[in-house]
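Working through the structure, step by step
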Amino acid sequence: MKIQDNPYYKKLLKDPWSYTSGAVILALLNIGLLASTGKAWGVTTPFSYWGAWIYKVLGGNPESWFYFQQKAHAEAIKAGFWMDAHSVSNLGIIFGAFLATLLASQFKIKKIKSWKQVVAAIIGGLLMGYGARISFGCNIGALFSGVASMSLHGWVFMIFIFVGAFIGSKLLVKYFM
Amino acid sequence: MAEYRLDCLGEACPVPLLKTQKKMETLKVGDILIVEIDHSCAVKNVPEWARKEGYNVEIEEVDDGQWEIYIEKTK
């Protein structure tokens, strides 16, 4: 039998898993991550470190900035990439997603359809990055970890995600349809 | 019994679904729409919507990470 016809291959590697199994696995892995690193999961704070390290390579001095003078950030950029648990977990996310795509043999380099996509991606990325810094996290650090630790800020974040998604959908229909 | 193609390659959610919904409105009963998709979430939500509408749906994986969704307007 070809592996493509194997029902277990189809069920486990080819077809998407249900939202429920995804949620349960995410919750269990999050417990493991919190227990092993002692820090609530976050994704975007390491990006600010990556930016700082790149800027340093180019000759900049990010240590003098207010943000990187905060104790936790200062220690993290001094310790380097492999000592920052969430930088490493981000790397794991990228490799894990890549592996899952390869195992399902769905890897494809997609073409850019229009300049509108490029402009929207750049504006969207800048807004998300800026928003994630001023709200102390993204939908992982602020929402997922916030709600999981019974913090009010996670719930406030959730309400405004809906507001943002509503406005975003209207813009999407207006400019991309 | 006309056949139409809708090129959604390179489009991310929810654009393929919105474009499919808009295009299906213009089809006559018995017509077939072939939606070309390379976004894995759209392979889930486009057929889900079409089946809920009661249309006949078939999915074909034409290449790595690329699909054609056949939707027959039945009513």
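Criteria and cut-off values
Residues numbered from 1 in each chain as written. Chains lettered and ligands numbered in written order. Predicted model: local features only at pLDDT ≥ 70, side-chain atom pairs only at ≥ 80, totals over all residues. Heavy atoms only, no water. UniProt positions renumbered as here; feature names shortened; annotations may be inferred. Helix = DSSP H or I, 4+ residues; strand = E, 2+ residues; numbered from the N terminus. Expected span 1.5 Å × (residues − 1). Core = buried A, V, L, I, M, F, W, Y, C linked by side-chain atoms within 4.5 Å. Buried < 20%, exposed > 50% of the residue type's maximum accessible area, 1.4 Å probe, protein only. Contact = heavy atoms within 4.5 Å. Domains from an automatic or database assignment. Buried area = accessible area lost by both parts, 1.4 Å probe. Salt bridge = Lys/Arg side-chain N within 4 Å of Asp/Glu carboxyl O. Polar contact = N/O pair within 3.5 Å; in protein donor to acceptor, adjacent residues only side chain to side chain. Nonpolar A, V, L, I, M, F, W, Y, C, P; charged D, E, K, R; others polar. Phe/Tyr/Trp six-rings, centres within 6.5 Å; stacked < 30°, edge-to-face > 60°.

Looking up chain B in an unreviewed UniProt entry gives the name TusA-related sulfurtransferase, with the organism given as Caloramator proteoclasticus DSM 10124. What the UniProt record of chain B gives under Sequence similarities (unreviewed entry) is the line "Belongs to the sulfur carrier protein TusA family."

Per UniProt, chain A has the following entry under Sequence similarities (unreviewed entry): "Belongs to the TsuA/YedE (TC 9.B.102) family." Quoted verbatim from the Subcellular location (unreviewed entry) field of UniProt, the annotation for chain A is "Cell inner membrane".

Given a rise of 1.5 Å per residue, 20 residues ought to cover 28 Å, and the 29 Å separating the end C-alpha atoms of helix H7 (residues 115-134) of chain A matches this to within 8%. One or two steps after H7(A), the chain reaches Phe136(A), where phi turns positive at roughly 60°.

Met24(B), Val35(B), Ile37(B), Val46(B), Ile69(B) and Ile71(B) are the most contacted members of the largest nonpolar core, which totals 18 residues. Going through the elements one at a time, helix H1 (15-26), strand E2 (32-37), helix H2 (40-52) and strand E4 (66-72) of chain B are the ones with two or more residues in this core. Excluding anything up to four places from it in sequence, Ile69(B) contacts Leu33(B), Ile34(B), Val35(B), Ile37(B), Ala42(B), Val43(B), Val46(B), Pro47(B), Val57(B), Glu58(B) and Ile59(B). Listed in part, the 6 residues of the second largest apolar core include Tyr49(A), Ala52(A), Trp53(A) and Ala76(A).

Residue and element names in this part refer to chain A. Per the domain assignment, the segments making up chain A are domain 1 (1-109) and domain 2 (110-176). Taking the mean C-alpha position of each, domain 1 and domain 2 sit 18 Å from one another. Together, the buried faces of domain 1 and domain 2 total about 870 Å²; carbon and sulfur atoms form 63% of this surface. When the area that domain 1 buries against domain 2 is broken down by residue, the three leading residues are Trp41, Thr44 and Ile109, summing to 47%. The tally of links from domain 1 across to domain 2 stands at 0 salt bridges. At the junction of domain 1 and domain 2, the tally comes to 5 residue pairs in polar contact (both at pLDDT 80 or more). Considering only residue class, the side of domain 1 that touches domain 2 consists of 6 nonpolar, 5 polar and 1 charged.

This brings us to the interface of chain A and chain B. Interface size is commonly expressed as the accessible surface area that is lost when the partners come together. Taken together, the contact between chain A and chain B spans 15 residues of the former and 19 residues of the latter. Overall, the association of chain A and chain B removes approximately 1,400 Å² of surface from exposure, summing both partners, and the carbon and sulfur fraction of that is 52%. Contact with chain B buries surface across chain A, with Lys108(A), Lys113(A) and Met177(A) losing the most and accounting together for 37% of the total. Residues Lys113(A) and Asp7(B) are paired through a salt bridge, measuring 3.6 Å at the closest nitrogen-oxygen approach.

Residues and elements named next belong to chain A. In this structure the tally under the stated criterion is 11 aromatic pairs over all chains. When the centroid spacing of 5.4 Å and the interplanar angle of 45° are considered together, the rings of Tyr55 and Trp65 count as tilted. Taken together, the residues Tyr55 in helix H3 (residues 44-57) and Trp65 in the loop between H3 and helix H4 (66-69) connect sequence positions 10 residues apart. A residue is classified by how much of its surface remains accessible, and Tyr55, at 37% relative accessible area, is partly exposed. Seen in terms of ring centroids, Phe98 and Phe107 are 5.5 Å apart; in terms of plane orientation they differ by 85°. Their pairing is edge-to-face. Overall, the relative accessible area of 38% leaves Phe98 in the partly exposed class. With a relative accessible area of 40%, Phe107 lands in the partly exposed category.

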